[in-house]
Amino acid sequence: MASADAPTGAGTGPAPQTDTSAEDTLDLPLSEELLGLLGDGTGAAAPPATPDAPGPSASSSVPSASPVSCAMSPVTSVTAASGGADPTYAARTKATGTTVPRTPESKGAYAGLLDRPADWGPADTPAGVFQLVPARLERDLALISRWMNDPAVAAFWELAGAETVTADHLRPQLNGDGRSVPCLGVLAGIPMSYWEIYRADLDPLARHYPARPHDTGIHLLIGGVDDRGRGVGTTLLRAVADLILDNRPLCGRVVAEPDLRNTPSVSAFLSAGFRFSAEVELPDKRAALMVRDRTHRAHL
């Protein structure tokens, strides 16, 4: 599947310049987890996906989609796509202490590989209170599939079609070991974006750049047309990168790999404090490797 780059509303900008610093070109040792994933470390293919241990995701950061019509009461309960209140759609918040039910669909969100994204809580942003809510297939499939059928999204995610197409993409993550966690992005009580938070050092991406242990990747799409073109993507990219760094103490870098042709997406990452590290040739695209460093966080 082609990886997904979504217009994030940052506008166009000049082509980024390659970062020539040596820190991304060192011959670094691979983590034990990555060595286990790759076998003997010689580039052998990862084992095929199974229901309990899916293969790593290979998608990338994304386009956007149609307006979101579901509503959510402030940060704690979301209105289902059908229009009825779904009391089980409870994002855990520090303010209320409510908890997302630990269903089979969300078990990866509680796993240790990503330090339990379901427990990360909300973030205050200039656009409103934002929270990553782990996706649940029976509740969220119709909405996510509708976004995937937006032409701007489909051009990069390549998941247009029946709901089963999106379900086949989500299910290995939802039922997996937690190396990739799909989430709805809920802004001011409304689900308006789709995110995948993943272990980049355990992903096939790690074969194409000098990965470091606990590097964490981001894929995203902005679902609502009204949220594009006004800087919301940049605001949320910064917020999600901060959530990762705040909640994953062993993670030193947040990475992404938008398509080089997607200038608005690359610009949004740059505006959100990421730096352009390198061009990388992936199986389905030529990508811009974007990196946000913990060590530079206070200055960006």
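Model, not experiment: these values are computed from the prediction. (Residues numbered from 1 in each chain as written. Predicted model: local features only at pLDDT ≥ 70, side-chain atom pairs only at ≥ 80, totals over all residues. Heavy atoms only, no water.)

J.: Help me out: how do you make sense of the confidence of the model for the chain in this one?
T.: In low-pLDDT segments, the atomic positions of the prediction should not be examined closely. On average, residues of the chain carry a pLDDT of 74, and 62% of them reach 70 or more. Mean pLDDT per element in the chain: strand S1 (residues 72-73) is the minimum at 28, and strand S9 (residues 253-256) is the maximum at 98. Under a pLDDT of 50 for its full length, residues 10-31 has, in the predicted model, 41 contacts with residues more than four places off or in other chains. Every residue in residues 33-105 is under pLDDT 50, and counting partners more than four places away or in other chains gives 214 contacts. (pLDDT = per-residue confidence, 0-100. Helix = DSSP H or I, 4+ residues; strand = E, 2+ residues; numbered from the N terminus. Contact = heavy atoms within 4.5 Å.)

J.: Mind showing me how you'd approach the packing of helix H2 (residues 137-148) against helix H4 (residues 163-174) here?
T.: The relative placement of two packed helices comes down to the angle between their axes together with the axis-to-axis distance. The geometry of H2 relative to H4 is characterised by a closest axis approach of 9 Å and an angle of 125° between their N-to-C directions. When the interaxial angle is binned, H2 and H4 end up oblique. Both H2 and H4 take part in a crossing whose hand is right-handed. Residue-level contacts link Leu137, Leu141, Ala142, Ile144, Ser145 and Met148 of H2 to Glu163, Thr166, Ala167, Leu170, Arg171 and Leu174 of H4. Each residue belonging to the contact of H2 with H4 can be placed in one class, and the counts come to 8 nonpolar, 2 polar and 2 charged. (Axes fitted to C-alpha atoms, helices over the stretch in contact; angles between N-to-C directions. Parallel < 35°, antiparallel > 145°, perpendicular 65-115°, else oblique. Left-handed = near helix turned anticlockwise from the far one by under 90°. Nonpolar A, V, L, I, M, F, W, Y, C, P; charged D, E, K, R; others polar.)

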